[in-house]
Amino acid sequence: MNAINTLLTTAACLSQGLAMAERVIEPTLGLTPILDSVELRRELQEIDRVRQQYGDDCEKHLTARQRHVYWHDYEEREDLWEVGEIGDGWYNCATASVSATSAHRPAGNITYTAANAHDFSLGTAWVCEGTGESITFRINADEENEWEWEHGTVTTVFIYNGYQKSARTWRDNSRIKQFRLHINDKPYALLNLRDTTAVQCFDIGQHRAQRCALRFEITEVYRGNRWPNDVAVSEIEFDGDGCLCFGAGTMIAVPDGEKAIEQIVAGDVILAPDPASGCLAPATVLGTARRNHRLYRLGFDSGLSVEVTADHPLLFDGDYYSIAENALYGLQTRQLAVGQQLNVFRNGHMEALTLRSITPLDGLRASYTITALDRGGLFLANGLCAAVEAVEAVETAATTETTGR
Ligand SMILES: [Ca+2]
């Protein structure tokens, strides 16, 4: 009997241990939106003044907070609640439909539906009773980007906690303290949210995005001052791999010099490296894309740097490398390592430079890429040999040509 009891106790401990082993993910905090419209307008006026004085070079004359406003609110000043930094990024490739187990009834013309948690506005929120309720996002490829999304993944969740319409609505309504994230109907992790208006970024690993269902179940709340039974979340957004890109200002080699990547349009002629001959040849751009992504700065000795997404394949000495090893584009990349010597095209010839640093940049930034060329699959970005998005098709064609199959 004792032996049976011991066995049962052990089994109970084991099952408890398993329950306790549920994955817990803490957020990294991003930018804090300015909820006070008077304060925001004041910052915008100051940015206008600096911009008039220094033109496009104004960024270095702004405070860190003003730079934040400049990047994320400046263009959207017509609607101060717009979530400017996320809107047209990953969503160029994907759509997410939203539903919830419940939502509070409208108060006059103010609604609290699930769709409010995914409308890119901090002025609206999904509001429900709280613990036990959940909101589900079903992700699918945008029809026009079907090809790209064969490789697309979801890796990051961004949450604007509470009702961020104003500082008062944020305090008065309850906020989420913890979500249990279910991926494709299986519990995946507990997300611990902070009681802050700053955007909260959760790295959830890499999940195939096509037909992925993410359900966020409320398990704990921070109580609001006035409406403890109104639990609110203003926005839940996503990012992922499958949309390789460079930061604004990355210079692309063209026949008469260089051109910033954000100015490249379909029909432009660029200089494309041919790995077989080692020569540069003109190629016509067939498509470009603009998105918003988390970017990383690669810093080389001699002061060269480039801002790029973690998944972008870069060709060095016959091998593809990226910051995060992946096979998203039908070719296996190797992971870049600090200290590595890499051949970069500089001043008209190849130069061996050492990779000194890989620095993650905060928040989401405007990012750009060339999706396809009329010949080859490579372009030069700050001298680095970078793959276009349709690189898999290009590589397959090259292999077929070489092997004669
Ligand atoms: Ca919203």
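Computed from a prediction, not measured in an experiment: that's the story for all the values here.

Visitor: How do you make sense of the overall build of the protein chain when you look at a structure like this?
Guide: Of regular secondary structure, the protein chain possesses five helices and 26 strands. Of all 405 residues assigned to the protein chain, the portion counted as buried reaches 38%.

Visitor: Please explain the pairing of strand β13 (residues 251-254) as it appears in this structure.
Guide: Strand residues, when the strand is regular, have side chains that alternate between the two faces of the sheet. The sheet contact formed by β13 and strand β14 (residues 257-260) spans four bridges and is antiparallel. Among the inter-strand pairings, A253 is bridged to a residue of β14, identified as E258. Hairpin connection, β13 to β14: the antiparallel pair is bridged by two residues.

Visitor: Explain the pairing of strand β18 (residues 305-308) to me, please; I cannot follow it from the model alone.
Guide: Bridge analysis of strand β17 (residues 296-300) against β18 gives four bridges, and the strand direction is antiparallel. Each residue of the ladder has a partner; that of L298, found in β18, is V306. Between β17 and β18, which pair antiparallel and follow one another directly, the connecting turn spans four residues, one of which, S302, has a positive phi of 75°.

Visitor: What is the right way to read the nonpolar core from this model?
Guide: Across soluble globular proteins, you tend to see nonpolar side chains buried next to one another. One finds A125, W126, V127 and V233 to be the most contacted residues of the largest nonpolar core, which totals 40 residues. Those elements that provide at least two residues to this core are β3 (94-100), β4 (126-128), β5 (134-141), β6 (153-161), β7 (173-183), β9 (200-208), β10 (212-222) and β11 (227-239). Dropping the residues within four chain positions of it, W126 is found in contact with A100, A103, Y112, T113, A114, N116, A117, I135, A232 and V233. The next biggest cluster of nonpolar side chains, apart from the first, holds 37 residues, and it includes I252, I261, A283 and Y320.

Visitor: Teacher, can you tell me more about unusual backbone geometry here?
Guide: With the exception of glycine, most residues fall at negative phi, and the peptide bonds are largely trans. Unlike most non-glycine residues, F120 shows phi in positive territory, near 60°. By the element assignment, F120 lies in the loop between β3 and β4. A positive phi angle is found at D317, which is not glycine, with a value near 50°. Structurally, D317 is set in the loop between β19 (314-316) and β20 (319-322). With 12 C-beta atoms packed within 10 Å, D317 lands in the exposed category.

Visitor: I would appreciate a short explanation of helix α2 (residues 37-54) in the present structure.
Guide: Since the α-helix turns once every 3.6 residues, residues separated by three or four places project in the same direction. Given a rise of 1.5 Å per residue, 18 residues ought to cover 26 Å, and the 25 Å separating the end C-alpha atoms of α2 matches this to within 8%. G55 occupies a position one or two residues after α2 and carries a positive phi of about 60°.

Visitor: Sorry if this is basic, but what is going on with the environment of P275 here?
Guide: In this fold, P275 is placed in the loop between β15 (269-274) and β16 (279-293). Sequence separation of P275 and L378 is 103 residues, and the distance between their C-alpha atoms is 8.8 Å. Other than its neighbours up to four places away in sequence, P275 contacts L315 and G318.

Visitor: Can you help me understand the environment of A289 in this one?
Guide: Mapped onto the fold, A289 is located in strand β16. Taking the C-alpha atoms as reference, A289 lies 6.4 Å from I370; in sequence the two are 81 residues apart.

Visitor: Which parts of the structure should I look at to understand the confidence of the model for the protein chain?
Guide: Detailed reading of predicted coordinates is not advised where the pLDDT is low. Averaged over every residue, the pLDDT of the protein chain is 83; residues scoring 70 or more account for 80%. Counting contacts from residues 1-18, a segment whose pLDDT is below 50, to residues more than four positions away or on other chains yields zero contacts. Confidence over residues 399-405 falls short of pLDDT 50; this stretch has one contact with residues more than four positions distant or in other chains.

Quick notes on the rules
- Each chain has its residues counted from 1, running along the sequence as written.
- Given that this is a predicted model, residues contribute local features only at a pLDDT of at least 70 and side-chain atom pairs are listed and counted only at 80 or more, while totals for whole chains, interfaces and linings are drawn from all residues.
- The secondary structure listing takes helices from DSSP runs of H or I that are at least 4 residues long and strands from runs of E that are at least 2 residues long, numbered from the N terminus.
- Put plainly, a residue is buried at 20 or more neighbouring C-beta atoms within 10 Å of its own, exposed at 12 or fewer, and partly exposed in between, counting only other residues' C-beta atoms, which are placed from the backbone.
- In this analysis, strands are considered paired if DSSP registers two or more bridges between them.
- Buried Ala, Val, Leu, Ile, Met, Phe, Trp, Tyr and Cys residues whose C-beta atoms connect them within 7 Å together make up a nonpolar core.
- Any pair of residues counts as being in contact when their C-beta atoms, constructed from backbone geometry, are within 7 Å of one another.
- Given a helix with a known number of residues, its expected span is that number minus one, times 1.5 Å.
- Per-residue confidence from the prediction method is given by pLDDT, with values spanning 0 to 100.

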